[in-house]
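So you can see what is in the structure, the chains are spelled out below.
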Protein chains: 2
Amino acid sequence: MALYEYATLTDKFESYLASHQPYGSPDSLYEPIRYINELGGKRIRPVLLLMAYNLWHDDVTPALPAALAVEYFHNFSLMHDDIMDEAPLRRGKKTVHTLYGRNNAILSGDAMLIRCFDLLLEAGRSQDIGASLCSLMTKVSLEICEGQQLDMDFEKMASPSEEQYLDMIKRKTGCLLGTSLKLGAVMAGASHQEVETLNQFGEMMGMGFQVQDDFLDVFGDTTVTGKQKGGDILRGKKNFLFVHTYNTLSPPDQKAFLKDYAQAADDQDFNPILDLYENRNVGTYTQKLQTSFFEKGLADLDTLNHLNTLPLKELAVSLMSRDH
Amino acid sequence: MALYEYATLTDKFESYLASHQPYGSPDSLYEPIRYINELGGKRIRPVLLLMAYNLWHDDVTPALPAALAVEYFHNFSLMHDDIMDEAPLRRGKKTVHTLYGRNNAILSGDAMLIRCFDLLLEAGRSQDIGASLCSLMTKVSLEICEGQQLDMDFEKMASPSEEQYLDMIKRKTGCLLGTSLKLGAVMAGASHQEVETLNQFGEMMGMGFQVQDDFLDVFGDTTVTGKQKGGDILRGKKNFLFVHTYNTLSPPDQKAFLKDYAQAADDQDFNPILDLYENRNVGTYTQKLQTSFFEKGLADLDTLNHLNTLPLKELAVSLMSRDH
């Protein structure tokens, strides 16, 4: 078996993406799509899909349309989420709604979601499994919408519990990573058990990854993350660090913390919150949690001992050690 | 053959819709969907789908999920278009973004689009045609997005030509009516020729209907339309009446007209524009055009003389004579 590494699969995916950029009339609908596609990013979802397919097949070419489909879904959700979060930057560049206007970002996002289903139909055509692939995607898509809605609803509460927060990120991030692997495995003809194990591994990776993202928001290096430092605090966004801190404080201290968190956004100064997080070792706690997700995911992979899951493990390890 | 009339099919659809309202967690994602579903409207798209199916089958029950799918698509597009147009009212009630906020309207709209594909998969399952139904829908969905984008692009120009405007409404409105009939016919097992003829009839009806909508914006009775009188003028929206008028004026008069149109929006007074339209018989021209679309559509139906298309004809006639 020819097992491809992350870098090789990324290259294969990037050249497929570049030669399948969308054009049409009016171009104003497609230009924002090409823009977000070219913003880059780690291409984790399509690469996971290709890696899963590659566990059974040397040639990953037949899985490329499905890999593009999950990247389209991901970019659709970024386009719409960035409007909702009023985020100015994405991967160090202007967000779509900042550059092309809110209405264009809504509509081009819609077009990406539609194209995602179209690509899955294409991916499933030769094996006559287009409907199954789409059906997997509609299920997870609704879960992702639910996750985003929970995220918005949490903003209106003092704070969700840690458990509620983790359920939200499972739906918002974990599900799509799991489904990317699932789609690749289904296309490859994997057993139900194999498909589900890969899905679980993906979910755990996604959760670890999201918790890490929250950690990097204040503890990360802007030149690496490409995001505004402390952006969550400056926008008053209640991420995992906030939720954990809130739930470990006494009720009077919770009140004071809420006030300070709002003040930090008003003053556009995240330092008082960063100091509090450092005093309370919130960073250490968060890193431990993210590690436990990655380890659970790796343990899932170990049950697939009849397959060579080394590239998936390497990917997990490299994600875990993302430069802080 | 039991051929159902518009009213009967509407009833069947309404009760299916009511018993299939979506619930889930968090409910804040699903409440706006139930709200827009309950706003009513003429249910033209699902009824067209059922009528097409009913040309070949007495029992329309198997087509109900697909009928719900096209209504979901339509309501998704209304939810997002209303944000883009900043429309305060829809069918005499508050629009979703006015009532639930813009972010909720974006996200619940996304969920409706996803659910549309899910319903088509359900509709196609027993005949194993879910992928074909979805594929028809992804094609038309992208055309509709293109139509909406053209509509927005036109706002930034002095005026499109009449031809460009009609191409836009074909994509924005005509295509979905055509596709509704197409989906019903495909599910019923119609021939390629029959499917295409019904599609053309639907497109013509859609265009006639949209031109009529533009006409009713200023010439209609608010208590019947449920919309703000002269809403297009007050929002500076360049509808068919505007486009036709602009293209029949001399360049200096075009300039003056553009100025007056902008002034009407500033003053929130549509009367000067209405007077101009009346002086130039724009209403008469528009009504003639809408009639020609309906007549072309009816001529298409006449070629299907081996089928009893009476209910479709009656529907077309009743749409044509919508109370002015």
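Scroll up to find the structure this text is about.
Bear in mind the structure is a predicted one, so any value in this text is a computation, not a measurement.

Participant: Looking at this model, I keep getting lost on the overall build of chain A. Mind explaining?
Facilitator: When helices and strands are tallied, chain A shows 16 helices and two strands. Computed over C-alpha atoms, the radius of gyration of chain A comes to 20 Å, within 12% of the 20 Å expected from 2.2 N^0.38 for 324 residues, which places it in the range of a compact globule. Projected onto its principal axes, the C-alpha coordinates of chain A cover approximately 60 × 50 × 30 Å. The 324 residues of chain A split such that 60% are buried. Carbon and sulfur atoms provide 50% of the accessible area of chain A, an area that totals close to 12500 Å². Side-chain charges of chain A comprise 30 positive and 45 negative groups, with the mean position of each set lying 3 Å from the other.

Participant: Explain the relation of the copies chain B and chain A here, please?
Facilitator: Both copies of the chain are related by a screw-like operation: a rotation about an axis and a shift along it. When chain B is fitted to chain A, the best match, at an RMSD of 0.0 Å, comes from turning it 180° and sliding it 0.0 Å along the axis. The operation mapping one copy onto its partner corresponds to a two-fold rotation axis. Minimal C-alpha separation from the rotation axis in chain B is found for Ala131 of chain B, amounting to 2.4 Å. When the interface residues of chain B are mapped onto chain A, 100% of them are again interface residues, pointing to one common binding face.

Participant: What's the story with the packing of aromatic side chains in this structure? I'm lost.
Facilitator: The geometry of two aromatic rings is summed up by the distance between their centres and the angle between their planes. Residues and elements named next belong to chain A. Under the definition given, this model contains 19 aromatic pairs over all chains. The structure contains a cluster of three or more aromatic residues connected by ring pairs, namely Phe242, Tyr246, Phe257 and Tyr261. When the ring centre of Tyr4 is taken as reference, the NZ or CZ atom of Lys12 above it lies at 4.7 Å.

Participant: Mind showing me how you'd approach the side chain of Thr95 of chain B here?
Facilitator: For Thr95 of chain B, the position within the fold is in the loop between β2 (93-94) and α5 (96-100). In this structure, Thr95 of chain B is in contact with Asp82, Ala87, Pro88, Leu89 and Arg90 of chain B, ignoring residues within four places of it in sequence.

Participant: Hey, could you run me through the interface of chain B and chain A in this one?
Facilitator: Many analyses report the size of an interface as the accessible area lost when the parts associate. In this assembly, 41 residues from chain B lie in contact with 41 residues from chain A. Summing the contributions of chain B and of chain A, the shared interface buries around 3700 Å²; its carbon and sulfur component is 65%. Here chain B and chain A share two salt bridges between them. A salt bridge links Lys139 of chain A to Asp118 of chain B; the shortest N-O distance between them is 3.2 Å. Counting across the interface, chain B meets chain A through 18 residue pairs in polar contact (both at pLDDT 80 or more). A total of 14 residues in the side of chain B that touches chain A trace back to one element, the largest contributor, which is helix α7 (residues 130-155) of chain B. Class assignment for the residues of the side of chain B that touches chain A results in 19 nonpolar, 10 polar and 12 charged.

How each quantity is defined
Residues numbered from 1 in each chain as written. Chains lettered and ligands numbered in written order. Predicted model: local features only at pLDDT ≥ 70, side-chain atom pairs only at ≥ 80, totals over all residues. Heavy atoms only, no water. Helix = DSSP H or I, 4+ residues; strand = E, 2+ residues; numbered from the N terminus. Rg over C-alpha atoms; globule rule 2.2 N^0.38 Å. Buried < 20%, exposed > 50% of the residue type's maximum accessible area, 1.4 Å probe, protein only. Areas by Shrake-Rupley, 256 points an atom, 1.4 Å probe, with all protein chains shown as cover. Lys, Arg positive; Asp, Glu negative; His and termini not counted. Charge placed at Lys NZ, Arg CZ, Asp CG, Glu CD. Least-squares fit on C-alpha atoms with pLDDT ≥ 70 in both. Contact = heavy atoms within 4.5 Å. Phe/Tyr/Trp six-rings, centres within 6.5 Å; stacked < 30°, edge-to-face > 60°. Lys NZ or Arg CZ within 6 Å of the ring centre and 35° of its normal. Buried area = accessible area lost by both parts, 1.4 Å probe. Salt bridge = Lys/Arg side-chain N within 4 Å of Asp/Glu carboxyl O. Polar contact = N/O pair within 3.5 Å; in protein donor to acceptor, adjacent residues only side chain to side chain. Nonpolar A, V, L, I, M, F, W, Y, C, P; charged D, E, K, R; others polar.

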